[in-house]
Amino acid sequence: CGFQLRGVNDIAFKNLYLQGQNVSIARDLKRSLLSNGVALVPTPEQADLMLEILSESAEKRILSLSGTGRVREFELNYQVNFRIKDPSNELWGMPQTISGRRDFTFDDSQLLAKQGEEARLNDDMRADAVRELMHVLSVQRPKPRTKPPVE
Amino acid sequence: CVLTHAPARAASDAADETARPRVTEASTANAIAAGGALIEADRMEFRMDRRLDAIGNAAIITDKQQISGDRIQYEELNETLRVIGNARIEGGGSVIKGPDLRLNMGDTVGEMKQPIFFYQPAAPAAASALPQTATSNAIRSNSRPLRNRLTKSAYDDSNKGYQPQLRTNTTAASRGDADAMFFEGQNKKRLTNARYTTCEAGVDDWYIRASEMEIDDFNKTGTARNARVEFLGVPILYAPKIDFSFQNLRKTGLLAPLIGTTTRSGFEVLTPFYWNIAPGMDATFGTRLLSKRGLQYQGEFRYMGETYQGGNNIEYLPSDTSTGDNRYYAKLQHQQDFLNGWSAGYSLEKVSDDNYFSELSTRITTTSRVNLAQQASLNYADDVWDFNLLVQRYQTLGQRTFPYERLPQLTLNGTKDWEVGDRYVNTNLYTQWVSFNRSESQPNFLATPNGNLLTGVTGRRFTAYPSVSIPFTRPYGYITPKFGAHHTSYQLDNTDFTLNGVNGEYQSGTRTLPIFSLDSGLYYERNTRIVKNSYTQTLEPRLYYVYIPNRDQSAIPIFDTALADLNTSSLFQENQFTGNDRINNANQLTMAVTTRMLDARTGDQRFAATLGQRFNFTEQRVGLPGANLRRGDSSDIVAAVTAKLLSKWNVDAAWQYNTYDAELVRSNIGMRYNPEPGKVMNLSYRYTADLLDQINVSGQWPLSPRWYGLGRYNYSLEEHSPIEGLAGLEYDAGCWQARTVLQRVSTATADANYAFFFQLELGGLASIGASPMRYLERGIPGYTRSGEIQSSVTP
């Protein structure tokens, strides 16, 4: 049916410049990059690829109520916005979004356990976002720099 | 101020009096930029070298403004000018017109009779660059916590009756008129018998009328004294002082009152007052008159800075005329970032009685609340370590079950990658120590499928879980073995329990279990085309194996543990229980496959579907007290679909199917159609066996130009009764909006409450998000306030 194993080659870049690190997934993203053999460089000039995390947002909403107005389900939403720049390009790419959604049943008589479940789903949702972001990065094939960096 | 030679040159060119004097563009620009003035007219006359008369289409142009009129007389000696006929001053985003103007160019002191003035809003980009606006945006979106695990997972929704919503994005033009305008220096103007509105010319729907009005051009603000607000010719508000802004910056002043009626509290009027104390600090005070209860006082104080944010919210209703009690609600909150990895915060909430929310609030986010947290935390995070100290207890309303107090809970979690040869080895250490307490008067009561569990057990629990995982990763797939040892020890008090009438005793002791798991996945891809768009379709099979030996855990109490929902996340967890009181025995394999459609051009995910099931090679032996164990050797099948279609449809669906009993356990389908702001339709059906069976319809839709209909209906098919109902109507007249909302609210601690609210919002003057608005944002996902629709469509 036409499916093929993805990119038999390794990630095509070695040095990444990461901008906007004040987000909850920054640490996991850095770890994931390092374990995939990508080094984080301190200046854009040294980078083969640039990634900017623009923003993130998280939200918790009541999803459904019982007939007596008790919460029966909550919904969690997480969204991270980012953009990528190839050093051979003058401009940043279009902003892209990765979003995740989870829901879980809720019971006031199991409050602490449900808090634990919520934390687990939040972690899982963020881990998913990192995985998806790595997916987006791993298919990047940045062109080599056309001009050497300005001295 | 020195006049340039421009007028003299103009005069010398004006030999032919019918020709309009002109100077070259370049010299004009130079003269004006040098701080001089340029005078233009059809004809100019000099009187004894002291006075200049510019006659016919006369204008004086400086770098700051342009003054024009039929005839301008300029006295060079005292720099005074007079404009006779069609006087007009333009500059700095404003235009002032009148029949006559006297002005001293030196100190900008003067007077204009019968002026009409117009203010243009600053460009949105410029407005957002102002520090004050930036701060106000920040304080509005302060939901993102500092680096704090505690608040990240805590459900925070305070009982705010109102919250100023700062509409910095809607910078409406404004205008007004007066009997007279007095210029009092560079940026100050005073008006007598003035009117001010944001309605466009020719529309006189509302006005502020004031015997005296001051305008500060530098700050773009105005103050009306001895003022009243007239709406459609009817005075609706008197105030000794009203502040307003030409740029809709946050401004101290009265906010729009909210009028309504509820079955529980009767007719009510909320009159809030907003105090913009400083950038990053504001307060709102209000009185809320409730016909069945009396006068409630509300106060909210918010602040935020580089490293901290917080808010204090207090409501007080002295001697409720229905109950005779003093009733109150308080919430104090603070978050502090110490910037070296450490942060801390507290959140304390208390309410006077169990029925406070159900009787005095109409918002589901409040009325559904049963547990109010009183907690403080201290956190540390660096690249390896995470530390959290939590002290937490709850006020529980109208319940038989009380959550444990955690006094305190200490959690230390460390993760580090080690380079071994050409790969990385990940090590993780999770440790936690908790002291679970409860008050003597609050025994633990838990309803289970096989009778009730009753116990007063308390205790201290220590957990340590070191683990090592070795990821083998390639772009086309991965395989990750993980080994760990989970150790727990308990020291318990009050160890007696009764389960379904049978007495038993919990035992202090330790439990150590090895845990092994193997996670693996592959990525397949192909390119495909749907209609005219090309997509990358992925196929991602995943296998997840877990082995944990069986250990009898029936003598361990339940402090913070429950069975997690089965879903595409929990299928890939080692332990199906959350919390540390139960570790399931496992010899199981989860098989799942995910397929995604990614837009080949943008990388956006348009569609994803997952199907998964867990297969067990051993029976379930570890369970919760009184709960049924699994029958059959496989879990329920779980399926989930999410789609973002180009036609503005969003679809989210999930199913859980029990193969052993051949019945559906969960079925959720949600759809949203949101073609543009102001047009949204939501439709969902949610079913969970023995818990939920309901439909939900909500939406906002334009009915005709200016009219928007709002609605939400939530009906329980299980109980054959409505849960929530809402109907509303919004009218957007451009410079004002009116909305009415009728709603039915089921409450957690009492019978349903019916409420009706009316709110009038005058553009740029009083815009607040009062309770019905907050309700609408929750009740109708995707709701946009009608006053913001146009501004969001036109950039």
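Just above sits the structure.
Residues numbered from 1 in each chain as written. Chains lettered and ligands numbered in written order. Predicted model: local features only at pLDDT ≥ 70, side-chain atom pairs only at ≥ 80, totals over all residues. Heavy atoms only, no water.

A. A look at the overall build of chain A. A count of helical and extended segments in chain A gives two helices and six strands. Taken from N to C terminus, the helices and strands of chain A fall in the order β-β-α-β-β-β-β-α. In terms of overall size, chain A is more extended than a compact globule, its C-alpha atoms giving a radius of gyration of 20 Å where 151 residues would be expected to give roughly 15 Å. Summarising its shape, the C-alpha atoms of chain A cover approximately 70 × 40 × 25 Å along the three principal directions. Out of the 151 residues in chain A, the part that is buried amounts to 51%. A separation threshold of at least 6 residues defines the contact pool for chain A, and within that pool the share at least 24 residues apart is 67%. Surface exposure of chain A reaches about 7,000 Å², of which carbon and sulfur atoms provide 49%. Once the 21 positive and 21 negative side-chain charges of chain A are each reduced to a mean point, those two points are 2 Å apart. (Helix = DSSP H or I, 4+ residues; strand = E, 2+ residues; numbered from the N terminus. Rg over C-alpha atoms; globule rule 2.2 N^0.38 Å. Buried < 20%, exposed > 50% of the residue type's maximum accessible area, 1.4 Å probe, protein only. Contact = heavy atoms within 4.5 Å. Areas by Shrake-Rupley, 256 points an atom, 1.4 Å probe, with all protein chains shown as cover. Lys, Arg positive; Asp, Glu negative; His and termini not counted. Charge placed at Lys NZ, Arg CZ, Asp CG, Glu CD.)

B. Spatial organisation of the sheet that holds strand S33 (residues 496–499) of chain B. Residues and elements named next belong to chain B. Pairing is antiparallel across the open sheet formed by four strands, whose spatial order is S28-S29-S33-S34. At either margin of the open sheet sits one strand with a lone partner, and together these are strand S28 (444–448) and strand S34 (502–505). Strand-to-strand twist in this sheet, taken as the mean axis angle between neighbours without regard to direction, amounts to 20°. As defined by bridge partners, S28 adjoins strand S29 (residues 451–455) across five bridges and the pair is classed as antiparallel. Pairing of Asn444 across the sheet is with Thr455, part of S29. (Pairing = 2+ DSSP bridges. Axes fitted to C-alpha atoms, helices over the stretch in contact; angles between N-to-C directions.)

C. Just the state of the cysteines, in detail. Residue and element names in this part refer to chain B. Inspection of every chain in the model, using the stated rule, returns one disulfide over all chains. A disulfide bridge connects Cys199 with Cys735, and the sulfur atoms are separated by 1.8 Å. What sets the handedness of the Cys199 and Cys735 disulfide is the S-S torsion sign, and at about 70° it is right-handed. Of the two residues, Cys199 sits in the loop between strand S12 (188–197) and strand S13 (206–216) while Cys735 sits in the loop between strand S48 (721–732) and strand S49 (736–745), which places them 536 residues apart along the sequence. (Disulfide = S-S within 2.5 Å.)

D. Focus on the interface of chain B and chain A. Listed as interface residues are 80 residues of chain B and, on the opposing side, 63 residues of chain A. In this structure, the salt-bridge partner of Asp652 of chain B is Arg101 of chain A, at a minimum N-O distance of 3.9 Å. Across the chain B-chain A interface, the total number found is 18 residue pairs in polar contact (both at pLDDT 80 or more). Classifying every residue of the side of chain B that touches chain A gives 28 nonpolar, 29 polar and 23 charged. Taken together, the two bridges between strand S1 (residues 4–5) of chain A and strand S36 (residues 524–530) of chain B define a ladder with antiparallel strand orientation. In the strand pairing of S36 of chain B, Leu5 of chain A is matched with Tyr524 of chain B. (Salt bridge = Lys/Arg side-chain N within 4 Å of Asp/Glu carboxyl O. Polar contact = N/O pair within 3.5 Å; in protein donor to acceptor, adjacent residues only side chain to side chain. Nonpolar A, V, L, I, M, F, W, Y, C, P; charged D, E, K, R; others polar.)

E. Quick peek at the environment of Ala47 of chain A. Residues and elements named next belong to chain A. Tracing the chain through its elements places Ala47 in the loop between strand S3 (39–40) and strand S4 (49–65). Under the relative-accessibility criterion, Ala47 is labelled buried at 3%. As a C-alpha pair, Ala47 and Arg27 span 20 residues in sequence and 19 Å in three-dimensional space.

F. Seen up close, the sheet that holds strand S6 (residues 96–105) of chain A. Residue and element names in this part refer to chain A. Ordered by their spatial adjacency, five strands build an open sheet running S3-S2-S4-S5-S6, and the pairing between neighbours is mixed. If you trace the sheet from one side to the other, it starts and ends with S3 and S6, each paired once. Here helix H2 (residues 111–138) sits on the sheet and contacts S4, strand S5 (71–85) and S6; the angle it forms with S6, its principal contact strand, is near 155°.

G. Looking closely at the pattern of salt bridges. Counted under the stated rule, the structure contains 48 salt bridges over all chains. Across the pair Glu75 of chain A and Arg61 of chain A runs a salt bridge whose closest N-O atoms are separated by 3.1 Å. With Glu75 of chain A in strand S5 and Arg61 of chain A in strand S4, the pair connects residues that are 14 residues apart, well separated along the chain. As a salt-bridge pair, Arg288 of chain B and Glu268 of chain B come within 2.9 Å of each other at their nearest N and O atoms. On the criterion of sequence distance, the pair formed by Arg288 of chain B in strand S19 (residues 281–290) and Glu268 of chain B in strand S18 (residues 266–278) is long-range, its members being 20 residues apart.

H. Spotlight on the packing of aromatic side chains. All names here are of chain B. In this structure the tally under the stated criterion is 24 aromatic pairs over all chains. Ring plane angle 55° and centroid distance 4.7 Å describe the contact between Trp707 and Tyr731, whose orientation is recorded as tilted. Note that Trp707 is positioned in strand S47 (residues 707–716) and Tyr731 in strand S48, a separation of 24 residues in sequence. Accessibility expressed as a relative area gives 35% for Trp707, which makes it partly exposed. Joined through ring pairs, the aromatic side chains of Phe231, Trp707, Tyr731 and Trp736 make up one cluster. A cation over an aromatic ring shows up here: Lys416 above the ring of Trp418, its NZ or CZ 5.2 Å from the ring centre. (Phe/Tyr/Trp six-rings, centres within 6.5 Å; stacked < 30°, edge-to-face > 60°. Lys NZ or Arg CZ within 6 Å of the ring centre and 35° of its normal.)

I. Spotlight on helix H1 (residues 26–35) of chain A. Residues and elements named next belong to chain A. Among all positions in H1, only Ala26, Leu29, Ser32 and Leu33 are buried. Along the axis of H1, the buried residues cluster in a sector spanning 130°; they form a single face. On its buried face, H1 is in contact with strand S2 (15–19), S3, S4 and H2. At the exit of H1 stands Gly37, carrying a positive phi of roughly 80°. (Arc of directions from axis to C-beta.)

J. Spotlight on the side chain of Ser467 of chain B. Residue and element names in this part refer to chain B. Take Ser467: it is sitting in strand S30 (residues 458–469). You can call Ser467 buried: its relative accessible area is 7%. When neighbours within four sequence positions are excluded, Ser467 is seen to be in contact with Asn426, Thr427, Asn428, Lys482, Phe483 and Gly484.

K. Molecular detail of the nonpolar core. Membership of the largest hydrophobic core comes to 52 residues, with the highest contact counts inside it found for Leu16, Leu29, Leu51, Ile53, Phe82, Leu133 and Leu137 of chain A. Breaking this core down by element, the ones donating at least two residues are S2, H1, S4, S5, S6 and H2 of chain A together with strand S27 (423–437) and strand S32 (477–493) of chain B. The element best represented in this core is H2 of chain A, accounting for ten residues. Beyond its immediate chain neighbours, meaning those up to four positions away, Leu133 of chain A contacts Ile25, Leu29, Leu51, Ile53, Phe82 and Ile98 of chain A. Counting residues in each nonpolar core, the second largest holds 49 residues, with Ala37, Ile72, Val83 and Ile208 of chain B among its members. (Core = buried A, V, L, I, M, F, W, Y, C linked by side-chain atoms within 4.5 Å.)

L. Geometry of unusual backbone geometry. All names here are of chain B. Here the amide bond leading from Leu407 into Pro408 is cis, since omega sits at -10°, within 30 degrees of zero. Tracing the sequence through the fold places Pro408 in strand S26 (residues 405–420). A positive phi angle, near 45°, is found at Gln114, a position not held by glycine. By secondary structure assignment, the location of Gln114 is in the loop between strand S7 (109–113) and strand S8 (116–119).

M. Highlighting the environment of Lys679 of chain B. If you trace the backbone, Lys679 of chain B turns up in strand S45 (residues 679–688). When the C-alpha atoms of Lys679 of chain B and Leu710 of chain B are compared, they prove to be 10.0 Å apart, with 31 residues separating the residues in sequence.

N. Spotlight on a negative patch on the surface. All names here are of chain B. A cluster of acidic residues, Glu663, Asp690, Glu718 and Glu719, forms a negative patch at the surface. Examined against the element boundaries, Glu719 turns out to sit in the loop between S47 and S48. A relative accessible area of 42% places Glu719 in the partly exposed class. (Patch = residues over 30% accessible without salt bridge, like charges linked within 9 Å, V, L, I, M, F, W, Y side chains within 5 Å.)

O. Structural context of the side chain of Thr415 of chain B. Within the secondary structure, Thr415 of chain B is located in strand S26. Classification of Thr415 of chain B by relative accessible area gives buried; the value is 13%. Separated by 2.8 Å, the side chains of Thr415 of chain B and Asn428 of chain B make a polar contact. Every residue in contact with Thr415 of chain B, bar those within four places of it in the chain, is listed here: Arg31 of chain A together with Asp383, Val384, Asn426, Thr427 and Asn428 of chain B.

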